[in-house]
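Observations on the three-dimensional arrangement
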Amino acid sequence: MSVAFRRDGDEEHLEPKFEVPIPPGPNLVTTRGRELIVERIAELEVRVGALVEETALASANRDLRYWRSRLDTAQVQPEPVGDTIRFGNRVRFVLGGKTREIVIVGHDEADPAHDRLAFISPLARALLGAQAGDFVDFNGREDAIEVLEVGAA
């Protein structure tokens, strides 16, 4: 019989499942961000305990390893104080004629659709270190951003 028609099992034909990639750099988190990681781990532990299907169980275990790793490496940052934009601040600014408000957070807490940007995002990096009243260069344009207000998240 030809080798082409022999099949020992379905496993050899499945695409390999790799670990969830860890974002580069330090794992800075807000207090809220750490709490979200703990909640995610608890949800996954319940899910893993209820799963019996092998592929779903492997996927849930992979996610659980990722979140446990993120909890182990989490560096909770102090609440920002002062007028200078730092990790954890809520910032109101004008960009392109539109007023926006964002909170600068860690990788896993980032949710751009809800104005929570990771501290390594280009916009957050441009804002870090500025103060209310400052004009900040962004996206190759000088004074593209006017910082209106810096506050607690």
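Everything below is about the structure shown above.
Overview of the structure. Keep in mind that what you see is a predicted model, and the values were worked out from it rather than measured.

**Section: the overall build of the protein chain**
- Looking only at helices and strands, the protein chain has three helices and seven strands in total.
- Counting from the amino terminus, the protein chain carries its helices and strands in the arrangement β-α-α-β-β-β-β-α-β-β.
- Taking all 153 residues of the protein chain together, the buried fraction comes to 32%.
- Carbon together with sulfur atoms contributes 52% to the accessible area of the protein chain, which is approximately 10000 Å² in total.

**Things to note about the packing of aromatic side chains**
- According to the stated counting rule, one finds two aromatic pairs in the structure shown.
- Note on Tyr66 and Trp67: the rings are 5.0 Å apart at their centroids and 90° apart in plane angle, and the pair reads as edge-to-face. Summarising the burial analysis for this pair, Tyr66 and Trp67 share the class buried.
- When the ring of Phe87 is compared with that of Phe119, the centres are 5.6 Å apart and the planes differ by 70°; the resulting orientation is edge-to-face. Taken together, the residues Phe87 in the loop between strand E2 (75-76) and strand E3 (89-95) and Phe119 in the loop between strand E5 (116-118) and helix H3 (122-127) connect sequence positions 32 residues apart.

**Thoughts on the pattern of salt bridges**
- Here the structure, examined in full by the defined rule, presents nine salt bridges.
- Between Arg40 and Glu43 there is a salt bridge; the shortest N-O distance is 3.4 Å. In this pair, Arg40 and Glu43 are both assigned in helix H1 (residues 31-50), three residues apart and thus about one turn of the helix distant.
- For Glu43, a relative accessible area of 47% puts it in the partly exposed group.
- With a closest N to O distance of 3.9 Å, Arg100 and Asp115 form a salt bridge. Here the residue Arg100 occupies a position in strand E4 (residues 98-105), and Asp115 occupies one in the loop between E4 and E5, the gap between them amounting to 15 residues.

What counts, and at which threshold
Residues numbered from 1 in each chain as written. Predicted model: local features only at pLDDT ≥ 70, side-chain atom pairs only at ≥ 80, totals over all residues. Heavy atoms only, no water. Helix = DSSP H or I, 4+ residues; strand = E, 2+ residues; numbered from the N terminus. Buried < 20%, exposed > 50% of the residue type's maximum accessible area, 1.4 Å probe, protein only. Areas by Shrake-Rupley, 256 points an atom, 1.4 Å probe, with all protein chains shown as cover. Phe/Tyr/Trp six-rings, centres within 6.5 Å; stacked < 30°, edge-to-face > 60°. Salt bridge = Lys/Arg side-chain N within 4 Å of Asp/Glu carboxyl O.

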